[in-house]
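Inside the fold
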Amino acid sequence: DVFYELTPYSKKSLQMEVAGVTKNDSRAGSQINISWRNRNTFRGAELFAVKGSAGFETQYSGIVRRPNTYQFGIEPSLTFPRFLIPFLDVPSSSKYVPKTIITTGYDLMIRNTLFRLHTFRAGYGYSWKEDARKEHEFFPFNITYVRADTINKDSASQINFSNLLFNGIIIGPRYLYTYNTRGTGFIHKHDFYFTGEIDLSGNILGWAQGASLDAPPKRLLGSVYAQYAKFTAELRHYNNYSVSKHAIWASRLLIGYGIPYGNSSTLPNIKQYFSGGNSSLRGFRSRLVGPGTFNEQYNTGNTTFIETNGDIKLEANTELRAQLINFLHGAVFIDAGNIWTYRDNPNFPGGTFSSSFMKEIAVSGGVGLRLDFNILV
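It should be emphasised that the depicted structure is a prediction, and the values quoted were computed from it without experimental measurement. (Residues numbered from 1 in each chain as written. Predicted model: local features only at pLDDT ≥ 70, side-chain atom pairs only at ≥ 80, totals over all residues. Heavy atoms only, no water.)

Moving on, we get to the overall build of the chain. Counting its secondary structure elements, the chain contains 2 helices and 17 strands. Against the 2.2 N^0.38 benchmark of 21 Å for 377 residues, the chain shows a C-alpha radius of gyration of 23 Å, consistent with a compact globule. Dimensions of the chain along its principal axes, counting C-alpha atoms only, are 80 × 60 × 40 Å. Residue burial in the chain is summarised as follows: out of 377 residues, 35% are buried. Partitioning the intrachain contacts of the chain with sequence separation of at least 6 by distance along the chain shows that 63% fall at a separation of at least 24. Taking the average place of the 39 positive charges on the side chains of the chain and the average place of its 29 negative ones, the gap between the two points comes to 2 Å. (Helix = DSSP H or I, 4+ residues; strand = E, 2+ residues; numbered from the N terminus. Rg over C-alpha atoms; globule rule 2.2 N^0.38 Å. Buried < 20%, exposed > 50% of the residue type's maximum accessible area, 1.4 Å probe, protein only. Contact = heavy atoms within 4.5 Å. Lys, Arg positive; Asp, Glu negative; His and termini not counted. Charge placed at Lys NZ, Arg CZ, Asp CG, Glu CD.)

Turning our attention to the pairing of strand β5 (residues 99-111). Judged from the 10 bridges that link them, strand β4 (residues 69-80) and β5 form a sheet pairing that is antiparallel. Its bridge partner lying in β5, tyrosine 70 is registered against isoleucine 110. (Pairing = 2+ DSSP bridges.)

We now examine unusual backbone geometry. For the peptide bond that leads from glycine 290 to proline 291, omega is 5°, which places it in the cis range. The phi dihedral of alanine 45 is positive, around 65°, even though this residue is not glycine. Relative to the elements of secondary structure, alanine 45 occurs in the loop between β2 (27-38) and β3 (47-59). One non-glycine residue, asparagine 326, lies in positive phi territory at about 50°.

Quick look at the pattern of salt bridges now. Throughout the structure, instances matching the rule amount to 19 salt bridges. Residue glutamate 137 pairs with arginine 174 through a salt bridge whose shortest N-O separation is 2.7 Å. Here glutamate 137 is found in strand β7 (residues 134-150), whereas its partner arginine 174 is found in strand β9 (residues 174-180), with 37 residues between them in sequence. A residue is classified by how much of its surface remains accessible, and arginine 174, at 17% relative accessible area, is buried. Salt-bridge contacts for aspartate 191 lead to arginine 182; the nearest nitrogen and oxygen are separated by 3.9 Å. Classification of aspartate 191 by relative accessible area gives buried; the value is 0%. Each of the salt bridges in this network shares a partner with another, and the network as a whole consists of Glu234, Arg236, Arg252, Lys313 and Glu315. (Salt bridge = Lys/Arg side-chain N within 4 Å of Asp/Glu carboxyl O.)

Together, Leu14, Met16, Val18, Ile32, Ile34 and Trp36 line one region of the surface with nonpolar side chains, adding up to about 590 Å² of accessible area. Counting only elements with at least two residues in the nonpolar patch, the list comes to β1 (12-23) and β2. Residue placement: leucine 14 occurs in strand β1. (Patch = residues over 30% accessible without salt bridge, like charges linked within 9 Å, V, L, I, M, F, W, Y side chains within 5 Å. Areas by Shrake-Rupley, 256 points an atom, 1.4 Å probe, with all protein chains shown as cover.)

Tallying each qualifying case throughout the model produces 17 aromatic pairs. These aromatic residues form a ring-pair network of at least three members: Tyr257, Trp340, Tyr342, Phe353 and Phe357. It is lysine 230 that lies over the ring of tyrosine 273; its NZ or CZ is 4.8 Å from the centre. Over the face of the ring belonging to phenylalanine 274 we find lysine 313, whose NZ or CZ atom lies 5.4 Å from the ring centre. (Phe/Tyr/Trp six-rings, centres within 6.5 Å; stacked < 30°, edge-to-face > 60°. Lys NZ or Arg CZ within 6 Å of the ring centre and 35° of its normal.)

Residue placement: lysine 230 occurs in strand β13 (residues 228-239). One polar contact links the side chain of lysine 230 to the main-chain carbonyl oxygen of lysine 271, over a distance of 2.7 Å. Once residues lying within four places of it in the same chain are set aside, the contact partners of lysine 230 are Glu197, Ile198, Asp199, Tyr257, Gly258, Leu267, Lys271 and Tyr273. (Polar contact = N/O pair within 3.5 Å; in protein donor to acceptor, adjacent residues only side chain to side chain.)

Keep in mind that these numbers describe shape and distance, not what the molecule does.
In structure tokens, the structure reads:
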């Protein structure tokens, strides 16, 4: 005889998270997230959640000072533990419950004395797993409205933030596929993680309205909309016993290719790629590598850009991590990569992607320490 003693999960919960971050361009900041959840909203295990966030970043040293950044956001969402597809009854596995997700949100980013960036977004989509390693996410409906306000027009002569301002609508589907051998709960000699994303905007709309780069941009509800096709793939490999049982050799390759066309000469800045920083090329300033051979300080002697973005990205990292003593780990790493623009941009001479892109790869290497406390690395 078997007896199961079951304790119901709390129907409602309130959670708070506090984070701190430092970057290699002498910036530091903090963020707080507060989320409230109702796990049985309509008595069918529907999850209704509201997440609020607030944070800031400030530069504490350096010759070239950048303005402080403040971010605020709220994100209500509703998740159903099944497929909700109009006019279709889709069966699902009892082992991996699919999800239908309805999400909305508003984000406000303030660059002190420069500009405010308002972002409104809404989406309807699905998330499901084939097995423990394969996961899919498909949002057939995605819309984002972005509006930028310039606070101090006089600052434009000192700091260039024109490439960070986009006013308009981003509308289109998005599909994400993830393969992760670590999701099985077992550590293998070779573990792999792969994610591939297809992100589209304004494709059918631009075709229907006859959008062209040679004509004034078409509008939707009085606002310009972006038209592009963007493809991103990232592959990670973990050799868990390369040197010893206390060492991991981790490698990563990321390829991103965005094609703006029709109604857009470039991707919206919130969809563009960047390079440089502690999550990218660690030997370079955060978000200031490229595009291509462009280097503002080297070319003109100025340092006016807050960050530089591109439509195309290639990046690779490899590092050997080893446990030294208890929670103290060491790492030796090499990073390489760059970003490029899809079309010629007079603001970034030398930044266009070409057949000589391999000669424009930036490389950095170094050593570091990792503090692994199990719940925090």
